[in-house]
Amino acid sequence: VQLQASGGGLVQAGGSLRLSCAASGRTFSSYVMAWFRQAPGKEREFVAGIRWGGGSTSYADSVKGRFTISRDNAKNTGYLQMNSLKPEDTAVYYCAARQSTVAEVPGAYDYWGQGTQVTVSS
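Rules used in this analysis
- Residues numbered from 1 in each chain as written.
- Predicted model: local features only at pLDDT ≥ 70, side-chain atom pairs only at ≥ 80, totals over all residues.
- Heavy atoms only, no water.
- Helix = DSSP H or I, 4+ residues; strand = E, 2+ residues; numbered from the N terminus.
- Pairing = 2+ DSSP bridges.
- Phe/Tyr/Trp six-rings, centres within 6.5 Å; stacked < 30°, edge-to-face > 60°.
- Buried < 20%, exposed > 50% of the residue type's maximum accessible area, 1.4 Å probe, protein only.
- Disulfide = S-S within 2.5 Å.

Draft legend 1. Expanded view of unusual backbone geometry. The phi dihedral of N76 falls on the positive side, at around 50°, and the residue is not glycine. Within the element layout of this structure, N76 appears in the loop between strand 7 (67–72) and strand 8 (77–82).

Draft legend 2. The pairing of strand 3 (residues 17–24), seen in detail. Relative to strand 3, strand 1 (residues 2–6) runs antiparallel, the two sharing five bridges. For L3, the partnering residue across the bridge sits in strand 3 and is A23.

Draft legend 3. Up close: the packing of aromatic side chains. Applying the stated criterion across every chain yields a total of six aromatic pairs. When the centroid spacing of 6.4 Å and the interplanar angle of 45° are considered together, the rings of Y31 and Y111 count as tilted. Separated by 80 residues along the polypeptide, Y31 in strand 4 (residues 31–38) and Y111 in strand 10 (residues 111–112) bring together distant segments of the chain. On the basis of relative accessibility, which here comes to 4%, the residue Y31 falls in the buried class. Ring plane angle 80° and centroid distance 6.3 Å describe the contact between Y94 and W112, whose orientation is recorded as edge-to-face. Of the two residues, Y94 is situated in strand 9 (residues 91–99) and W112 in strand 10; the sequence distance between them amounts to 18 residues. Given a relative accessible area of 15%, Y94 falls into the buried group. Judged by relative accessible area, W112 falls into the partly exposed class, the value being 27%.

Draft legend 4. The arrangement of the state of the cysteines in detail. Evaluation of the coordinates by the stated rule reveals one disulfide. Paired by a disulfide, C21 and C95 hold their sulfur atoms 2.1 Å apart. Across the disulfide from C21 to C95, rotation about the S-S bond amounts to roughly 70°, and the bridge is consequently right-handed. On the criterion of sequence distance, the pair formed by C21 in strand 3 and C95 in strand 9 is long-range, its members being 74 residues apart. For C95, a relative accessible area of 0% gives the class buried.

These results come straight from atomic positions and should not be treated as a statement about function.
Below you can see the structure in the form of structure tokens.
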């Protein structure tokens, strides 16, 4: 499985960005895709996850109501729509995949994208 993340950039506080994660190499119906982020000097943390087959989602409390995770089955691509961005959302964002259920610990994921930088200015 290969994951390719894209869509990061520099945005002002209150703005929006949409991250994409293109997946290849496997049929994803039994997989989950998640987004994690890592700020300088901090551990990688769970942001959101989605079950590819049924579409059920979960979110970290810090992004609920602001971020939306989704997927396009036809394109084998997952998305993270980020609205009302805050300076504390600044981090490198990674997409990850595993089989079975959404997990909130990075070590549970078998496949990772390369990361995309999101910077929110105040």
